[in-house]
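Structural description and commentary
Chain by chain, the residues run as shown.
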Amino acid sequence: FLSYANDGFYNGVIFHRVIKDYMIQTGGFTENMVRKAVKEPIKNEADNGVFNNRGTVAMARTAQVNSATSQFFINTKNNHFLNNGFRDFGYAVFANVVSGMEVVDAINLVETSRTRGMSDVPVEPIIIKEVKISYTKP
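Here's a quick rundown of the structure. (Residues numbered from 1 in each chain as written. Predicted model: local features only at pLDDT ≥ 70, side-chain atom pairs only at ≥ 80, totals over all residues. Heavy atoms only, no water.)

**What to know about the sheet that holds strand β2 (residues 23-26)**
Under the convention used in this document: Between any two strands, at least two bridges found by DSSP are needed for them to pair. Under the scheme used here, helices are H or I runs from DSSP no shorter than 4 residues and strands are E runs no shorter than 2 residues, and both carry numbers assigned from the N terminus. Note on definitions: angles span 0 to 180 degrees between N-to-C directions of axes, and those axes are lines fitted to C-alpha atoms, for helices only across the stretch in contact.
Judged by pairing direction, the sheet is antiparallel, and its five strands sit side by side in the order β1-β2-β4-β3-β5 without closing on themselves. Of all the strands in the sheet, the pair left with one neighbour each is β1 (15-19) and β5 (93-96). Going across the sheet, the axis of each strand differs from the next one's by a mean of 25°, ignoring polarity. Pairing of strand β3 (residues 56-59) with β5 involves three bridges; the strand directions are antiparallel. Across the sheet, the residue bridging to Thr56 is Asn96, located in β5.

Structure (structure tokens):
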């Protein structure tokens with residue numbers, strides 16, 4: 001995630017999958033629904049002891065356990081079935097929303113449709129203008 005963010009990869013991507021009372025997903029498509037080129041997949045670290053609770057940020061992946069690249073999602077409720085060992089290896093949580101959860105909740109309520117073979121795509125594009133990394137001491 002940090003590598004993509006520091007490279008400016010997330011600037012201009014859209015939230016391409018929004019499922020009410022579940023999660024909002026981003027990190028892979030332009031406003032025109034063009035998939036962005038990504039780096040090699042990373043090892044899934046869903047066994048890190050951090051759970052998919054409301055407000056956590058986790059790596060999206062395919063059915064293959066170690067397939068995560070640039071896409072991530074924000075849990076809009078506690079999604080325990082995404083945790084390691086519940087149904088499979090799980091989805092690795094790597095961050096928390098520390099402010100702005102009201103924005104996440106607003107995105108979670110937008111109207112969606114099926115677009116270019118994908119379901120749950122917001123009717124009006126929701127674009128990430130810029131991602132900046134800031135570090136805070138625990």
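**Overview of unusual backbone geometry**
Counted only if it meets this: For every residue, the accessible area (1.4 Å probe, protein chains only) is compared with the maximum for its type, and the residue is labelled buried under 20%, exposed over 50%, or partly exposed between those bounds.
With phi around 50°, Arg116 is a residue other than glycine that occupies positive phi space. With respect to the secondary-structure elements, Arg116 resides in the loop between β6 (112-115) and β7 (118-122). Classification of Arg116 by relative accessible area gives exposed; the value is 63%. Here Asp120, not a glycine, exhibits a phi torsion of approximately 65°, which is positive. Structurally, Asp120 can be placed in strand β7.

**Regarding the layout of surface pockets**
For the record, the criterion: With a 1 Å grid spanning the protein atoms alone, the term cavity applies to any set of points in which a 1.4 Å probe fits but cannot get out, the term pocket to an open set with protein on both sides within 12 Å along at least five of seven lines, and the term lining residue to any residue with an atom within 4 Å of a point. Grid points are joined across faces, edges and corners, and a volume is the space filled by probe spheres set on the points. When residue character is reported, Ala, Val, Leu, Ile, Met, Phe, Trp, Tyr, Cys and Pro are called nonpolar, Asp, Glu, Lys and Arg charged, and the others, Gly included, polar.
Roughly 1,200 Å³ of volume is contained in the largest pocket. Around the largest pocket, the lining is made up of 36 residues, and of these Phe1, Val57, Phe94, Ala95 and Asn96 lie nearest the centre. Every element with two or more residues in the lining of the largest pocket is listed here: β3, β4 (72-75), β5 and α2 (101-108). Element by element, the count of residues in the lining of the largest pocket is highest for β5, at four residues. By residue class, the composition of the lining of the largest pocket is 24 nonpolar, seven polar and five charged. Along the wall of the second largest pocket there are 23 residues; nearest its centre are Gln25, Ala60, Arg61, Thr62 and Gln71. Elements supplying a minimum of two residues to the lining of the second largest pocket: β1 and β2. Here the lining of the second largest pocket is composed, by residue class, of 10 nonpolar, eight polar and five charged.

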